[in-house]
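# A structural walkthrough
Spelled out, the chains give:
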Amino acid sequence: MDYKDKGVLLSVQHLCQYFKLGKKELKAVDDVSFDVYKGEVFGLVGESGCGKTTTGRSIIKLYNITSGNIYFKNQRIGAGTLSYQNAIKEAKADAKKKIKNLNISTKKNPEQAEQNNEKIKEINKKLAETIKKNKEEITKALYDQKNCDKEFSKNLVIENEKKYKQIFEEVKNDPVKLQEAKKKYNDELRIAKRSKLVTQIQMIFQDPIASLNPRMTVQEIISEGLIIKGVKDKEYIQKQVYDILEMVGLVKEHATRYPHEFSGGQRQRIGIARSVIMNPEMIIADEPVSALDVSIQAQVINLLNDLRNELGLTILFIAHDLSVVKYFSDRIGVMYYGKMVELADSDELFRHPVHPYTRSLLSAIPLPDPIYEKKRVRITYNPLAEHDYSVDKPTMRELIPGHFVYCNNAEEKKYKEEFFS
Amino acid sequence: MEDNILEVKKLKISFRTNNGTVKAVRDISFDLHRGETLAIVGESGSGKSVTSRAVLGISAGNSIMDGGEILFDGKDLLKVGEEDMCKIRGDKISMIFQDPLSSLDPIVKIGQQIIEALVLKNRESRKNSRKEFNNMLAILKRNMIESSDVSKKAQINKIIKTFNDFNIEAIKLEESYNFSHARCEEIIASINDFLFKASKKQRLDIPAFIKIYLSKLEDIKDPYFTYGYKEELNKHKRILNEIKIKNRHKFSIKTGFKKVFKDVDLATRVPKEVNEELKEFNSVLEKMLTEAKPNFFRIGYYVYKNPNSKIVDKPIEEINDYCYSYLNEHFLNVFLDFEHNAIKNSYNKALEGKKKVVDNLETLRAFFQKGNLKKRSAGNEIKGVSSLVYESIDHLAIIKDSVAYTFATALKSNIKKYFYNESHNAKEEVRFARQTKKRDALIAKGKKIDWKVEPKKTVSLDDQIENIVSSIDRLEGKYKEDIAGKDNIDFAKMSISLIDYFKEKASGAVYKVTNVIARERAIKLMEEVGIPEPRIRYNQYPFEFSGGMRQRIVIAIALAANPDILICDEPTTALDVTIQSQILELIKKIKEERNLSVIFITHDLGVVANMADRIAVMYAGKIVEYGTSEEIFYSPAHPYTWALLSSMPDLDTKEKLEAIPGTPPNMIYPPVGDAFASRNKYALKIDFEKQPPLFKISETHYAATWLLHPNAPKIEMPKVILERINRMKERAGEDNGL
């Protein structure tokens with residue numbers, strides 16, 4: 001796997017995203033972990049409502065995540081606090097219980113009072129330590145969650161200053177050049193101050209109609225990101241927009257038109273152009289082809305493939321059309337009701353699906369082959385009947401290198417037997 | 001010959017827009033066999049939805065029907081009025097729309113939306129059945145009199161009167177039976193509700209419920225319905241009365257005060273024995289429903305002849321048999337003789353008429369083909385032929401001859417269109433000349449002009465004449481076929497089926513569906529389409545359902561009125577894979593159970609492979625390929641089908657996808673030649689100049705591409721598809737080997 005040598009670009013660890021529904025809590029994403037390597041296409045599949053889109057949106061910080069960590073280029077960009085709060089709660093409850101037991105024993109045997117008192121002190125001390133530790137973590141998480149971009153821009157500013165110090169030294173004697181350099185320095189400083197780490201991850205949304213502002217021209221839509229970033233050079237923007245339009249297969253003339261004048265496939269191209277112009281390292285494509293016709297689907301997939309090869313992009317591809325995902329992705333993660341149930345290389349996953357849900361999902365793919373279709377039997381997945389998680393709790397386990405399944409001990413054994421027989 | 005339930009012939013539809021007329025559907029023809037699935041595949045904008053909407057008569061307001069016919073049950077759906085269309089829509093043909101959310105009413109409860117069609121349809125059919133019964137009887141009488149001697153006229157009158165009278169008697173008996181039947185269904189529905197609530201541990205007002213049951217039980221007294229169950233019913237009545245007394249509210253001043261002023265209901269937990277008893281009662285009632293229905297057509301005659309007889313006290317089968325022999329002996333044999341003669345007479349008369357019409361059509365066609373029509377002469381020509389055609393229709397035939405019934409109106413409207421366009425073209429010419437003159441004059445003066453002369457919107461008169469001639473051709477073909485097949489007619493079978501028709505209409509007149517029964521049916525239907533806990537779901541609003549569930553509701557609504565044709569317009573495009581396959585399985589299952597004919601519209605070829613018996617591939621308003629699903633997938637012939645197949649990845653695809661370059665053509669100015677030529681890498685020179693006709697590949701497989709012309713160069717289909725087909729065949733071979 002050559003792309004694995006390039007290192008991890010995005011790392012999602014124990015991501016949880018809960019939504020409040022009145023008194024209840026909806027666990028949209030529950031303890032999902034995966035790594036995305038540089039230059040690969042990672043596919044997320046699952047039925048609607050299983051939390052794939054929420055995962056994508058949490059990564060790009062459209063939601064404040066409830067718990068877990070997200071690392072992008074080894075820097076924490078998102079962090080949740082719930083796990084620490086739960087740890088504090090647990091520790092408190094634990095300590096309370098212990099102290100209660102000790103108190104009871106003191107009442108029964110008064111001679112042990114001194115010993116017990118010491119024990120209680122110790123427990124309290126330990127509790128205070130854990131609380132302090134966790135609270136520190138919470139502050140750190142909150143700081144990272146809020147200020148990850150600040151750190152990034154601070155670094156950029158420092159780099160910028162270093163770079164221009166040299167240049168200023170060189171052109172010290174030429175007032176004209178010095179002024180030019182100063183102007184350039186100011187421009188770049190502004191951009192550096194405003195740039196964010198998160199903008200290196202861009203998103204392509206599902207519905208090309210709803211995600212474009214109907215009152216902006218294509219030029220305005222595409223260049224909006226650059227302007228917010230602080231670029232003021234209009235000629236530069238114009239040139240960039242034209243280049244990008246050409247890259248995604250549109251022409252210059254389209255720049256002055258409005259979104260409603262385009263067909264569905266072209267609108268999706270505009271969406272792609274808008275995200276590519278920010279020169280991102282990673283693109284989260286949230287069902288970019290499911291609203292499109294078959295022939296246009298192929299065009300968009302080919303375009304994404306070309307962009308990936310040209311720009312070396314990493315793509316997190318969210319979709320429910322399995323044949324497209326299979327075609328496009330290097331690795332695939334299967335999600336079911338907020339949990340990641342299976343994760344493997346795409347060929348491996350389709351050759352040896354292990355988890356019953358993956359099997360049922362694969363059995364539902366329609367193919368353009370009447371004889372096959374007439375024989376195809378859909379496997380239904382019933383989680384209550386399949387699994388018994390009452391005692392033996394499931395976790396993510398690695399069956400063979402690179403192939404993870406969500407299972408408990410008994411199931412792991414069973415899967416392994418099936419796998420190697 | 002296959003039994004066609006729906007025929008679409010040379011349909012042309014265009015839309016008036018600000019930029020010009022968009023030609024959405026350009027001359028397509030297909031037919032739908034009974035009990036099959038026809039899939040229409042194409043990109044968006046290829047006119048597949050437009051076609052299906054035209055079938056249902058819900059085209060957009062700016063649409064123009066340029067020509068063609070949609071024949072269904074003796075009617076041309078393009079020309080029936082809104083009133084008649086209402087009876088067809090939902091009842092005979094219904095539709096599942098693409099977006100389940102926007103096709104449900106957000107402020108009406110789900111259950112209400114499902115039973116709406118059931119109740120409305122029932123009301124309408126009750127009204128019509130009686131009317132149709134009388135009409136057919138009048139026609140039969142006329143034919144009977146014509147077919148026999150004058151001396152027998154009195155006898156015929158008497159027979160017909162007897163037939164009518166004993167049918168009225170039968171209807172009366174059946175109405176009483178139906179009333180009891182309906183009450184029984186209502187009690188079952190109510191008990192089911194009660195038991196469901198009890199199972200959810202709700203507190204219920206037991207005496208109030210039992211009071212309802214008892215009062216409804218009072219109404220179940222039809223002797224035919226209760227035969228053999230009287231004692232059991234009486235027993236349950238007694239037990240229910242006991243329960244009612246036992247559970248009676250113990251009124252004290254305190255509880256009375258509470259009830260009156262604080263509105264506290266007197267509901268209690270349901271005791272076990274009440275539950276058991278109601279279950280037992282329910283099972284008895286359900287058993288009663290499954291009993292065979294007596295044949296009131298036979299009994300009606302017996303009762304009519306012997307009004308005081310005690311026939312009721314025998315088992316139903318015995319009654320049926322006895323009345324059957326009685327009826328045959330005393331009446332039906334004579335009646336059948338007359339009827340047989342009448343049908344023969346009517347058929348022969350129609351045949352004579354048809355021969356005459358065929359002779360006349362030749363001159364009529366020559367007249368229209370000459371062109372240059374005059375209003376008066378054209379009117380005279382068609383007047384004679386129309387009356388001839390009307391005479392040539394066999395009115396006693398139950399399966400209506402669509403072509404003959406619609407011929408006169410179709411011809412008339414086509415001729416009307418011809419004259420309208422004639423005058424309109426002249427006006428356009430004048431306008432164009434005037435504007436050009438004005439513009440030229442202004443330019444000559446040296447002024448700057450910022451407006452253009454609007455292009456001429458003329459319609460070719462030759463096309464109109466072609467429309468007229470094609471409808472004449474169709475009639476001629478149909479009639480010649482009929483004349484050729486005259487020896488194969490089974491008159492005995494026809495007379496039996498005519499009597500069946502009378503029976504059906506008579507019982508249709510008294511078949512009543514009340515709201516309570518409709519509710520129970522709707523709940524059954526919801527169960528059938530796979531909605532869990534339908535009794536709770538029945539009272540919910542559409543927004544409380546998920547996408548897949550909503551689509552199921554839409555299917556349930558479409559099926560509520562038991563249609564003959566179901567049109568599915570991209571029913572699964574908005575759903576994900578697992579739900580999609582569930583819904584497809586559901587549609588397939590229901591289709592097989594109810595022998596539905598399905599038109600399935602989609603752009604996803606993968607979906608089609610499982611569903612369709614035959615596939616029509618549409619592009620730019622035309623059908624480019626047409627064949628069974630095996631033919632389309634294993635030996636596609638049109639470059640567009642190739643492109644569609646190669647642009648979707650399957651599980652073994654590794655190489656770059658072959659996307660179709662460009663976009664579909666602008667249908668305001670449809671291309672002269674093959675519409676797909678500009679996106680087609682296999683396009684020949686002729687593709688840009690002339691439209692290819694449908695070439696026949698096999699008995700069922702047609703494709704419109706010049707590549708199939710004998711003079712065309714041999715072009716193999718793309719390698720990707722060849723490989724895929726080979727792979728599929730290998731896989732199929734492997735499976736067969738196992």
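Everything here concerns the structure above.
The structure reproduced in this document is the subject of the present report. In this text the structure is predicted, and so the values were computed from the model without any measurement.

Analysis parameters
- Residues numbered from 1 in each chain as written.
- Chains lettered and ligands numbered in written order.
- Predicted model: local features only at pLDDT ≥ 70, side-chain atom pairs only at ≥ 80, totals over all residues.
- Heavy atoms only, no water.
- Helix = DSSP H or I, 4+ residues; strand = E, 2+ residues; numbered from the N terminus.
- Expected span 1.5 Å × (residues − 1).
- Buried < 20%, exposed > 50% of the residue type's maximum accessible area, 1.4 Å probe, protein only.
- Contact = heavy atoms within 4.5 Å.
- Buried area = accessible area lost by both parts, 1.4 Å probe.
- Salt bridge = Lys/Arg side-chain N within 4 Å of Asp/Glu carboxyl O.
- Polar contact = N/O pair within 3.5 Å; in protein donor to acceptor, adjacent residues only side chain to side chain.
- Patch = residues over 30% accessible without salt bridge, like charges linked within 9 Å, V, L, I, M, F, W, Y side chains within 5 Å.
- Areas by Shrake-Rupley, 256 points an atom, 1.4 Å probe, with all protein chains shown as cover.
- Lys, Arg positive; Asp, Glu negative; His and termini not counted.
- Charge placed at Lys NZ, Arg CZ, Asp CG, Glu CD.
- Axes fitted to C-alpha atoms, helices over the stretch in contact; angles between N-to-C directions.
- Left-handed = near helix turned anticlockwise from the far one by under 90°.
- Nonpolar A, V, L, I, M, F, W, Y, C, P; charged D, E, K, R; others polar.
- Parallel < 35°, antiparallel > 145°, perpendicular 65-115°, else oblique.
- Pairing = 2+ DSSP bridges.
- Phe/Tyr/Trp six-rings, centres within 6.5 Å; stacked < 30°, edge-to-face > 60°.
- Lys NZ or Arg CZ within 6 Å of the ring centre and 35° of its normal.

Another point: helix H18 (residues 547-560) of chain B. Residues and elements named next belong to chain B. With 14 residues, H18 extends 20 Å between its outermost C-alpha atoms, agreeing within 8% with the 20 Å of an ideal straight helix rising 1.5 Å per residue. Looking at H18, one finds that the buried residues are Gly548, Met549, Arg550, Gln551, Arg552, Ile553, Val554, Ile555, Ala556, Ala558, Leu559 and Ala560. On its buried face, H18 is in contact with strand E6 (93-96), helix H3 (110-147), helix H16 (515-528), helix H17 (534-537), strand E7 (565-569) and helix H19 (577-594). Positive phi shows up at Asn562, right after H18, with a value of about 55°.

Attention now moves to the interface of chain A and chain B. Note on interface size: it is often stated as the accessible area lost on association of the parts. Chain A puts 34 residues into the contact, and the matching count from chain B is 44 residues. Each partner contributes to the roughly 3,600 Å² buried at the junction of chain A and chain B, and carbon and sulfur atoms together form 57% of this total. Ranking the residues of chain A by area buried against chain B places Val294, Tyr327 and Pro368 of chain A at the top, with a combined share of 19%. For the interface between chain A and chain B, the tally reads one salt bridge. Residue Glu585 of chain B is joined to Arg378 of chain A by a salt bridge in which the shortest nitrogen-to-oxygen separation is 2.9 Å. There are five residue pairs in polar contact (both at pLDDT 80 or more) connecting chain A and chain B. Taken together, the elements giving at least two residues each to the side of chain A that touches chain B come down to helix H9 (294-311), helix H10 (322-328), helix H11 (346-351) and helix H13 (370-375) of chain A. Top element by residues in the side of chain A that touches chain B is H9 of chain A. It accounts for seven residues.

Moving on, we get to a negative patch on the surface. On the surface, a cluster of negative charge is made up of Asp27, Asp462, Asp463 and Glu466 of chain B. Summarising the element assignment, Asp463 of chain B is placed in helix H14 (residues 461-484).

Turning to the packing of helix H6 (residues 218-229) of chain A against helix H7 (residues 234-247) of chain A, a few remarks are in order. All names here are of chain A. Two numbers describe how H6 lies on H7: the axes approach to 10 Å, and their chain directions differ by 120°. The hand of the H6/H7 crossing is right-handed. For the pair formed by H6 and H7, the contact residues are Val218, Gln219, Ile222, Ser223, Leu226 and Ile227 on the first element and Ile237, Gln238, Gln240, Val241 and Leu245 on the second. Residue classes in the contact of H6 with H7 are distributed as seven nonpolar, four polar and no charged.

This part is about the packing of helix H4 (residues 153-199) of chain B against H16 of chain B. Residues and elements named next belong to chain B. Contact geometry of H4 with H16 gives a least axis separation of 9 Å together with a crossing angle of 55°. Taken together, the axes of H4 and H16 are oblique relative to one another. The hand of the H4/H16 crossing is left-handed. Counted together, Ala182, Glu185, Glu186, Ala189, Asn192 and Asp193 of H4 and Val516, Ile517, Arg519, Glu520 and Arg521 of H16 form the full contact between these two elements. Residues that form the contact of H4 with H16 fall into these classes: four nonpolar, one polar and six charged.

With that settled, the discussion passes to the sheet that holds strand E4 (residues 67-72) of chain A. Residue and element names in this part refer to chain A. Spatial strand order, E2-E1-E4-E5: four strands in an open sheet with antiparallel pairing. Edge positions in the sheet fall to strand E2 (24-37) and strand E5 (75-79), since each has one partner strand and no second. Taking each pair of neighbouring strands and ignoring which way they run, the sheet shows an average axis angle of 20°. Two elements, E4 and E5, share four bridges in a ladder whose sense is antiparallel. If you follow Phe72 over to E5, its bridge partner there is Gln75.

The next subject is the packing of aromatic side chains. Applying the stated criterion across every chain, the model contains 42 aromatic pairs over all chains. Consider the rings of Tyr164 of chain A and Tyr185 of chain A, whose centres lie 5.3 Å apart with planes at 65°: the pair is edge-to-face. Separated by 21 residues along the polypeptide, Tyr164 of chain A in helix H4 (residues 113-170) and Tyr185 of chain A in helix H5 (residues 175-194) bring together distant segments of the chain. In terms of burial, Tyr164 of chain A and Tyr185 of chain A fall into one category: buried. Aromatic pair Tyr626 of chain B and Tyr702 of chain B: ring centres 6.4 Å apart, planes at 35°, arrangement tilted. Taken together, the positions of Tyr626 of chain B in strand E10 (residues 622-628) and Tyr702 of chain B in strand E12 (residues 702-703) put the pair 76 residues apart, joining distant regions of the chain. Assessed through its relative accessible area of 11%, Tyr626 of chain B is described here as buried. If you follow Lys326 of chain A out to its NZ or CZ, it ends over the ring of Phe350 of chain A, 5.4 Å from the centre. The cationic tip of Arg519 of chain B hangs over the ring face of Tyr538 of chain B; the distance from NZ or CZ to the ring centre is 4.8 Å.

The next thing to look at is helix H2 (residues 52-59) of chain A. The buried fraction of H2 of chain A amounts to six of the eight residues, a majority that puts the element mostly inside the structure. Following H2 of chain A by one or two positions, Lys61 of chain A adopts a phi angle in the positive range, close to 65°.

All names here are of chain A. Spatial strand order, E6-E7-E8-E3-E9-E10-E12-E11: eight strands in an open sheet with mixed pairing. Unpaired on one side and paired on the other, strand E6 (201-204) and strand E11 (395-400) mark the two borders of the sheet. Direction aside, neighbouring strands of the sheet carry axes that sit 20° apart on average. Pairing between strand E7 (residues 282-286) and strand E8 (residues 314-318): five bridges, direction parallel. Residue Ala285 lies in a different strand from E8, and its bridge partner there is Phe317. Sheet contacts for H2: strand E3 (41-45), E6, E7, E8 and strand E9 (331-336); angle to E8, the most-contacted strand, approximately 145°.

Attention now goes to a positive patch on the surface. Positive charge collects at one region of the surface, where Lys87, Arg123, Lys127 and Lys131 of chain B lie side by side. By residue number, the principal contributor to the positive patch is H3 of chain B, which donates three residues.

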